[in-house]
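Understanding the architecture of this molecule
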Amino acid sequence: MMSEEEKLEYYRRENLGAPMISYVGFRCTRNLNIFLQTKAMVESRDISQIIRRLLTKACEEEGFDPNA
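Below: a short report on this structure. (Residues numbered from 1 in each chain as written. Predicted model: local features only at pLDDT ≥ 70, side-chain atom pairs only at ≥ 80, totals over all residues. Heavy atoms only, no water.)

Quick notes on the side chain of Arg53
Test applied: Helix and strand assignments come from DSSP, with helices taken as H or I runs of at least 4 residues and strands as E runs of at least 2, each series counted from the N terminus. Partly exposed describes any residue whose relative accessible area lies between the buried limit of under 20% and the exposed limit of over 50%, with all areas from a 1.4 Å probe on protein chains only and scaled to the type maximum. The definition of a polar contact used here is a pair of N or O atoms within 3.5 Å, where within protein one atom must be able to donate a hydrogen and the other to accept one, and adjacent residues in sequence count solely through side-chain atom pairs.
Residue placement: Arg53 occurs in helix 3 (residues 47–61). Residue classification places Arg53 among the buried residues on the basis of a relative accessible area of 3%. One polar contact links Arg53 to Tyr11, side chain to side chain, over a distance of 2.9 Å.

Below is the structure:
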């Protein structure tokens, strides 16, 4: 789990990295959708920011390097 400081640092760096040029849509369960919407409300962020943060964290565990 990311600390609040790590989350803020992620969101700060998000705009400094590679440009966002692709749209990826996906289907998810109702429960996952509610979870993501709730996280977005709690963190006062757009749901796409939450999805990118959580997806990036999970991909890093699989070997993705966001700084490559």
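Observations concerning the layout of surface pockets
Applied cut-off: A cavity, in this analysis, means grid points on a 1 Å lattice covering only the protein atoms where a 1.4 Å probe fits yet has no way out; a pocket is instead an open set bounded by protein on both sides within 12 Å along at least five of seven lines, and a residue lines either one if it has an atom within 4 Å of a point. Grid points are joined across faces, edges and corners, and a volume is the space filled by probe spheres set on the points. Residues were grouped as follows: Ala, Val, Leu, Ile, Met, Phe, Trp, Tyr, Cys and Pro as nonpolar; Asp, Glu, Lys and Arg as charged; and all remaining residues, including Gly, as polar.
Approximately 1,200 Å³ is the volume found for the largest pocket. In terms of lining residues, the largest pocket is bounded by 32 residues, among which Tyr10, Met20, Arg52, Leu55 and Thr56 are the most central. Mapped by element, the contributors of at least two residues to the lining of the largest pocket are helix 1 (4–14), helix 2 (30–43) and helix 3. Looking at the lining of the largest pocket element by element, the count peaks at 11 residues for helix 3. The class makeup of the residues in the lining of the largest pocket is 19 nonpolar, seven polar and six charged.

Concerning the pattern of salt bridges
What counts, and what does not: One side-chain nitrogen of Lys or Arg within 4 Å of one carboxyl oxygen of Asp or Glu is enough to make a salt bridge.
The full count for this structure, using the stated rule, is seven salt bridges. Its salt-bridge partner being Glu9, residue Arg12 comes within 2.7 Å of it at the nearest N-O pair. Of this pair, Arg12 and Glu9 both sit in helix 1, separated by three residues, roughly a single helical turn. What makes Glu9 partly exposed here is its relative accessible area of 31%. Here Lys39 makes a salt bridge to Glu43, at a shortest N to O gap of 3.7 Å. Highlighted residues: Lys39 and Glu43, both in helix 2, separated by four residues, approximately one helical turn. Members of the salt-bridge network, linked through shared partners, are Glu4, Lys7, Lys39, Glu43 and Arg53.

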